[in-house]
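# Chain and residue survey
Listed below, chain by chain, are the residues.
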Amino acid sequence: PHLAALVLARGGSKGIPLKNIKLLAGVPLIGWVLRAAIDAGVFHSIWVSTDHDEIEKVAKQFGAKVHRRSPEVSQDSSTSLEAITEFLNHHREVDIVGNIQATSPCLHPSDLIKVADLIQKEGFDSVFSVVRRHQFRWSEVKKGDNKMTEPQNLNPAKRYRRQDWPGELYENGSFYFAKRHLIEKGYLQGGKMAYYEMRAEHSVDIDIDIDWPIAEQRVLSFGYFGKEPLKEVKLLVCSIDGCLTNGRIYVTEDHKEMVSYDYRDIVGIDLLKKRGIQVRLISDRDCSKTLSAMQLRCVAKVSVTNKLQVLKDWQEDMGLSWKEVAYLGNEETDVECLKQAGMSAVPADACAAAQKAAAYICKSRGGCGAVREFAEHIFLLLEKVNSARKQ
C-alpha cells in the first residue's frame, strides 16, 4: 500500500503570520517535521498541502512534493479532514495518509517508523499520537451556579504521588495515520484503532501550549538534527564578504577600499577561540589588507577559486571528520561547502541557493551579527552533545 506523509500548511494564521515557515532554531518550522519524515524512510511520498507560494518554495527546498489546495479548504473554518479528503481525491495512488502536524518540531523518525509498522504490518486502520500526563481533573462550575466542584480522576483524601500513578493518555496532535477507506467515510480515527505514546519531551505543540523562545530551547534540547549524531565542533570556516562583513565595498577617491564589520562578530570569534574552536576565514577576492587591518589573528585564505577544496584541505590537515566542521557562507560559491560541513549556516540575507543548502538560517544579516549568532547556536548544540555524552 502507498503510504504518504501529508503536512497541512495553510498560509493564513490568526496568530503568527506565515507561522509554518517562520524560523525556529534556524530552521523553518515545517522543515523540522519534513526532515523527520524523509529520514524515517517509510513513506512512498511526502507532501505539503498549501495555498501559499512561499510555503511551497520552502517545502520543495526540504524535498517534499506540493499539493496546491483549493480556496474552499483554505479558510479559517476549514477542517483537517476536508483538506486531507481533497488531497486523496487528487492522488488516487495513495492508500494510507500519515497526517503530520507542522507545529510538532520535536518529532523523530523513530516515532514514524514504529507507527508505519502498526498500520502496515499489524493491520490497524488508524493510529494517532498521545502523551502521558499526570494532571488531576476537576469538574467545571459555571459562574452563578450554586454547585461545588467534584474530583474527576482522584480521591482528594488519597492523592497519588506522581511515581505511584500511571497518569492518563491525551492526544498531542503530532500525527494521525489513517487508511483511505476511513477518511472517505469522514473519519481520521476509526476501525481498528491504536494510539502511539510519544515521549513527553518530544511532545511539543506550538499551537497549544508553548511560545516561540521556549520552543526553540526545547528543539535545541530534544529536536531531531539528522541521521548522524552531533559531534563537538573543532573548526568554523567563515566566508568574509557577506558574512563577516555586509558585502559592501566602499572605494575612496584614491582607490582605497573600505568595509564595515560588527564588533559583536569579533566577540563571537573570540568566544569560539576560547572554547577551543579554530576559526578560519575564506574569500573569493583578495582582501588581505582588510584582514590585516581587522587584526583577527585567524588563518585566512583569499583569492580562492575553489572553496570546497580549501575546506577539504583544512579538514584533512586538522584530522577532523566533517561532523566537526562548521561553515558560514552566503553565496553560490559557498553552496558545496555548506552541504559538506557537519554544521552549516547562512546570514538572513544570503542568496536563495545558499539558504537552501544550509541547516541554519540566522536572523541577523551579514556584517550585522550573523557570526556571533551562529557562534551562540554552536554553543547550544555543544551543550546538546555534552548532555548526550553524560546520558
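Criteria and thresholds
- Residues numbered from 1 in each chain as written.
- Predicted model: local features only at pLDDT ≥ 70, side-chain atom pairs only at ≥ 80, totals over all residues.
- Heavy atoms only, no water.
- UniProt positions renumbered as here; feature names shortened; annotations may be inferred.
- Helix = DSSP H or I, 4+ residues; strand = E, 2+ residues; numbered from the N terminus.
- Buried < 20%, exposed > 50% of the residue type's maximum accessible area, 1.4 Å probe, protein only.
- Contact = heavy atoms within 4.5 Å.
- Areas by Shrake-Rupley, 256 points an atom, 1.4 Å probe, with all protein chains shown as cover.
- Lys, Arg positive; Asp, Glu negative; His and termini not counted.
- Charge placed at Lys NZ, Arg CZ, Asp CG, Glu CD.
- Pairing = 2+ DSSP bridges.
- Axes fitted to C-alpha atoms, helices over the stretch in contact; angles between N-to-C directions.
- Disulfide = S-S within 2.5 Å.
- Core = buried A, V, L, I, M, F, W, Y, C linked by side-chain atoms within 4.5 Å.

For the protein, an unreviewed UniProt entry supplies the name N-acylneuraminate cytidylyltransferase and the organism Erithacus rubecula. Turning to the protein, the UniProt annotation filed under Pathway (unreviewed entry) states: "Amino-sugar metabolism; N-acetylneuraminate metabolism."

## What to know about the overall build of the protein
A count of helical and extended segments in the protein gives 14 helices and 17 strands. Overall, the C-alpha framework of the protein stretches about 85 × 55 × 45 Å when taken along its three principal axes. Across the 391 residues that make up the protein, the buried fraction comes to 50%. Counting contacts in the protein only where the partners sit at least 6 residues apart, residues at least 24 apart contribute 65% of the total. Accessible surface for the protein amounts to roughly 19,700 Å². Of this, 48% is attributable to carbon and sulfur atoms. Averaging the locations of the 54 positively and 52 negatively charged side chains of the protein gives two centres separated by 4 Å.

## As for the sheet that holds strand β4 (residues 45-50)
Here we have seven strands laid out as an open sheet, ordered β5-β4-β1-β6-β8-β7-β9, and mixed in their pairing. Of all strands in the sheet, those with a lone pairing partner are β5 (65-68) and β9 (193-197), marking the two edges. Between one strand axis and the next, the sheet turns through 30 degrees on average, direction left out of account. Of the strand pairs in this sheet, strand β7 (residues 126-133) and β9 are connected by five bridges, and their pairing is parallel. Looking at the pairing, S129 lines up with Y196 of β9. Helix α1 (residues 29-40) rests against β1 (3-8), β4 and β6 (96-100) of the sheet, and its axis sits at about 160 degrees to β4. Helix-sheet contacts for helix α2 (residues 53-61) involve β4 and β5, and the interaxial angle to β5 is about 160 degrees.

## Details of the state of the cysteines
Under the criterion given, the structure shown has zero disulfides. The cysteine C243 is free of any disulfide, with C238 supplying the nearest cysteine sulfur at 5.1 Å. Judged by its relative accessible area of 0%, C243 is buried. Here C368 is not disulfide-linked; the sulfur of C362 is the nearest cysteine sulfur, at 12 Å. C368 sits in the partly exposed class, given a relative accessible area of 35%.

## A closer look at the nonpolar core
By size, the foremost hydrophobic cluster in this structure holds 43 residues, and its most contacted members are L281, F374 and I378. The biggest single contributor to this core is helix α14 (residues 370-390), with eight residues. The contact partners of F374, leaving out residues within four places of it in the chain, are L236, A326, Y327, L328, M343, S344, A345, Y360 and C362. Membership of the second largest hydrophobic core comes to 37 residues, among which are V7, A9, A116 and F177.

## Here's the deal with the pairing of β6
Across the five residues that make up β6, a large majority, five, are buried. Across the two faces of β6 the burial is the same, with I96, G98 and I100 and V97 and N99 all buried. Relative to strand β8 (residues 168-179), β6 runs antiparallel, the two being bridged by five bridges. Residue G98 lies in a different strand from β8, and its bridge partner there is F177.

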